[in-house]
Amino acid sequence: LLGHFYAGLYHDALNDAERARAHLALAAERVAVDDQDFTARLPRLHASVRGWSLDDVSDEAKRAAAAFDLGSQGMEDILDDPSVMKEGIDAMTVAMLKEALKARGLKRTGLKADLKARLLEDLG
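Residues numbered from 1 in each chain as written. Predicted model: local features only at pLDDT ≥ 70, side-chain atom pairs only at ≥ 80, totals over all residues. Heavy atoms only, no water.

1. Some details on unusual backbone geometry
For Asn15, which is not a glycine, the phi torsion comes out positive at approximately 60°. Structurally, Asn15 is set in the loop between helix H1 (2-13) and helix H2 (17-29). Note on Asn15: relative accessible area 68%, which makes it exposed. (Helix = DSSP H or I, 4+ residues; strand = E, 2+ residues; numbered from the N terminus. Buried < 20%, exposed > 50% of the residue type's maximum accessible area, 1.4 Å probe, protein only.)

2. Examining the side chain of His23
Its location among the elements puts His23 in helix H2. His23 gets classed as buried once you look at its relative accessible area, which sits at 2%. Reaching out from His23, the side chain makes a polar contact with the side chain of His4 at a distance of 2.9 Å. (Polar contact = N/O pair within 3.5 Å; in protein donor to acceptor, adjacent residues only side chain to side chain.)

3. Describing the environment of Val94
Its location among the elements puts Val94 in helix H7 (residues 94-103). Val94 gets classed as partly exposed once you look at its relative accessible area, which sits at 34%. A sequence separation of 19 residues divides Val94 from Ala113, and the C-alpha atoms of the two residues are 9.3 Å apart. Non-local contacts of Val94, meaning those with residues more than four positions away in its chain, are made with Lys112 and Leu115. (Contact = heavy atoms within 4.5 Å.)

4. Brief notes about empty space enclosed by the protein
Overall, the coordinates contain 1 cavity of 30 Å³ or more when judged by the stated rule. Counted as a void, the largest cavity has a volume near 30 Å³. Surrounding the largest cavity, Leu2, Tyr6, Thr39, Leu42, Met96, Glu99, Ala100, Ala103 and Arg104 form its lining. Counting residues per element, the ones that place at least two in the lining of the largest cavity are H1 and H7. Top contributing element to the lining of the largest cavity by residue count: H7, with 4 residues. When grouped by side-chain class, the residues that make up the lining of the largest cavity number 6 nonpolar, 1 polar and 2 charged. (1 Å grid on protein atoms, 1.4 Å probe; cavity = no way out; pocket = protein on both sides within 12 Å on 5 of 7 lines; lining within 4 Å. Points joined across faces, edges and corners; volume = space filled by probe spheres on them. Nonpolar A, V, L, I, M, F, W, Y, C, P; charged D, E, K, R; others polar.)

5. Some details on the nonpolar core
Grouped together as the largest cluster of nonpolar side chains are 27 residues, with contacts concentrated most on Phe5, Leu24, Leu54, Ile89, Met92, Leu97 and Leu119. For this core, the secondary structure elements donating two or more residues are H1, H2, helix H3 (42-50), helix H4 (59-66), H7 and helix H8 (112-123). When residues no more than four places from it in sequence are discounted, the contact partners of Met92 are Leu9, Leu97, Ala100, Lys112 and Leu119. (Core = buried A, V, L, I, M, F, W, Y, C linked by side-chain atoms within 4.5 Å.)

6. Quick notes on H1
Along an α-helix, a turn takes 3.6 residues, which lines up residues three or four apart on a common side. Compared with the 16 Å implied by 1.5 Å per residue over 12 residues, the 16 Å span of H1 between its first and last C-alpha is a close match. Among all positions of H1, only His4, Phe5, Tyr6, Ala7, Gly8, Leu9, His11 and Asp12 are buried. Note on H1: the residue one or two positions beyond its end, Asn15, has a positive phi of about 60°. (Expected span 1.5 Å × (residues − 1).)

Listed below in structure tokens is the structure:
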């Protein structure tokens, strides 16, 4: 879930809406509809904020997203690179930042700027 969600944010930050929607659609498909974990709702929430539908993403686009090749770096390397993640983090809401911090076992209190700084610090 989070890998495709973050890849969707990455492509969104690069203004590549088609790839962003495909990754978000894959992330949304990988969770149960009744999942009570807030992170499970993040892909659809982000798409909603951007005014996108994830229901009409083609199978071809999803297959391409599933085969997303990051070159010599693995997904973890990209997601842990603050220079790449910064644009994605800037697009996150306070609720999204708190969920990302919660997933990492970090403190979730403070202003949005504090939450962003804490998340970036954890990313190294």
